[in-house]
Amino acid sequence: MVINSIKLDEILGYHESVTSIVAETTSIMYKLGPHECTSLFLHNLLRLHPLHIFNTKNEFRLIAGFRAFEIAKLILPTDSVIPCIVHDKSTISDTEIENLALSDLLGSPLLFQFAKDYAQNINKIKNSIDKKRVKEIFKDISSKQKIDARNYDTL
């Protein structure tokens, strides 16, 4: 995988394999809104977590990084150049695209949240997403685990 720079206005929307997944997850709320983000924050976030884009005949479609893309469209100039990992049919299958999208839409909010919101978000996921699809991504979505700070040096 290579990180490329693509203009925001060149990303034409969602890849066809993920439109239903995006629709299924609209009930999952995010804490950080666009009014709280600066362009500097968003550029740094995109450097840490680049958008995943599918390229078909130089048409770019989003396959992961949905929330960052939504915020970027709201606060960045359309000619902003942003980091993206570009995939094509030789590097990723439709099933892998769907799994990447689910991991982004479901896993990111769970991984990067404070513990008090965890149970509420788990219930939203269980009530809005097909259970079979969730089990493809998560072993046990109800488990609540902590990473012991003393073990960071062994990770």
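What you see as residue numbers is a count from 1 along each chain, following the sequence as written. Only residues with pLDDT of 70 or above have their local features reported here, since the model is predicted, and side-chain atom pairs are shown and tallied only from 80 upward, although totals for entire chains, interfaces and linings are computed over all residues. Side-chain numbers come from the whole structure's heavy atoms, not from hydrogens or water.

**Q** Whenever I open this one, the overall build of the chain confuses me. Can you help?
**A** The secondary structure listing takes helices from DSSP runs of H or I that are at least 4 residues long and strands from runs of E that are at least 2 residues long, numbered from the N terminus. Of regular secondary structure, the chain possesses six helices and five strands. For the chain, the sequential pattern of α-helices and β-strands runs β-β-α-α-β-β-α-β-α-α-α. Using a 1.4 Å probe on the protein chains alone, a residue whose accessible area is under 20% of its type maximum counts as buried, one over 50% counts as exposed, and one in between counts as partly exposed. The buried share of the chain, taken over its 155 residues, is 37%. We call two residues contacting when some pair of their heavy atoms lies within 4.5 Å. Taking the intrachain contacts of the chain between residues at least 6 apart in sequence as the baseline, contacts between residues at least 24 apart amount to 81%. In this description, accessible areas are obtained by the Shrake-Rupley approach with a 1.4 Å probe, and a residue is regarded as covered only by the protein chains that are shown. Working note: accessible area of the chain is about 10100 Å², and carbon and sulfur atoms make up 54% of it.

**Q** Looking at this model, I keep getting lost on unusual backbone geometry. Mind explaining?
**A** Working note: non-glycine residues mostly have negative phi, and peptide bonds are mostly trans. Even without a glycine there, the phi angle at Lys57 is positive, about 50°. Within the element layout of this structure, Lys57 appears in the loop between β3 (51–56) and β4 (59–64). On the accessibility criterion, Lys57 (79% relative accessible area) is exposed. The backbone of Asn58 shows a phi angle near 60°, a positive value even though the residue is not glycine. With respect to the element layout, Asn58 can be found in the loop between β3 and β4.

**Q** Help me out: how do you make sense of the pairing of β3 in this one?
**A** Regular strands show a simple pattern: their side chains alternate between the two faces of the sheet. Pairing of β3 with strand β5 (residues 81–87), which is carried by four bridges, proceeds in the parallel orientation. Across the sheet, residue Leu51 finds its bridge partner in β5, namely Cys84. One bridge is not enough; two strands pair if DSSP finds at least two bridges between them. As defined by bridge partners, β3 adjoins β4 across five bridges and the pair is classed as antiparallel. Across the sheet, the residue bridging to Thr56 is Glu59, located in β4. What sits between the antiparallel neighbours β3 and β4 is a turn of two residues, in which Lys57 has the positive phi angle 50°.

**Q** Which parts of the structure should I look at to understand the sheet that holds strand β1 (residues 3–7)?
**A** Strand pairing in a sheet takes place through backbone hydrogen bonds and is either antiparallel or parallel in direction. The strand order β1-β5-β3-β4-β2 describes an open sheet built from five strands, whose pairing is mixed. Each edge of the open sheet carries a strand with a single partner, namely β1 and β2 (11–14). Shown here is a sheet whose adjacent strand axes are inclined to one another by a mean of 50°, direction ignored. Lines fitted to the C-alpha atoms define the axes, with helices restricted to the stretch that makes contact. Angles between their N-to-C directions range from 0 to 180 degrees.

**Q** Teacher, can you tell me more about the packing of aromatic side chains here?
**A** Two numbers describe a pair of aromatic rings. These are the distance of the centres and the angle of the planes. Stacked, tilted and edge-to-face are the three classes assigned to paired rings of Phe, Tyr and Trp, where Trp is represented by its six-membered ring and a pair needs centres within 6.5 Å; plane angles under 30 degrees give stacked, over 60 edge-to-face, the rest tilted. All told, the structure shown has one aromatic pair when counted by the stated rule. Between the aromatic rings of Tyr14 and Phe66, the centroid separation amounts to 5.4 Å while the plane-to-plane angle is 70°, which identifies the pairing as edge-to-face. Highlighted residues: Tyr14 in strand β2 and Phe66 in helix α3 (residues 66–75), separated in sequence by 52 residues. Of the residues examined, Phe66 reaches a relative accessible area of 1% and is grouped as buried.

**Q** Explain the pattern of salt bridges here, please?
**A** Close approach of charged atoms allows side chains with opposite charge to pair. One speaks of a salt bridge when a side-chain nitrogen belonging to Lys or Arg is within 4 Å of a carboxyl oxygen belonging to Asp or Glu. Overall, the coordinates contain two salt bridges when judged by the stated rule. Close ionic contact of Arg61 with Glu59 constitutes a salt bridge, the shortest N to O distance being 3.9 Å. Judged by relative accessible area, Arg61 falls into the partly exposed class, the value being 29%. For the salt bridge of Glu70 with Arg67, the shortest nitrogen-to-oxygen distance reads 3.2 Å. Here Glu70 and its partner Arg67 are both found in helix α3, three residues apart, which amounts to about one turn of the helix. Residue classification places Glu70 among the partly exposed positions, given a relative accessible area of 30%.

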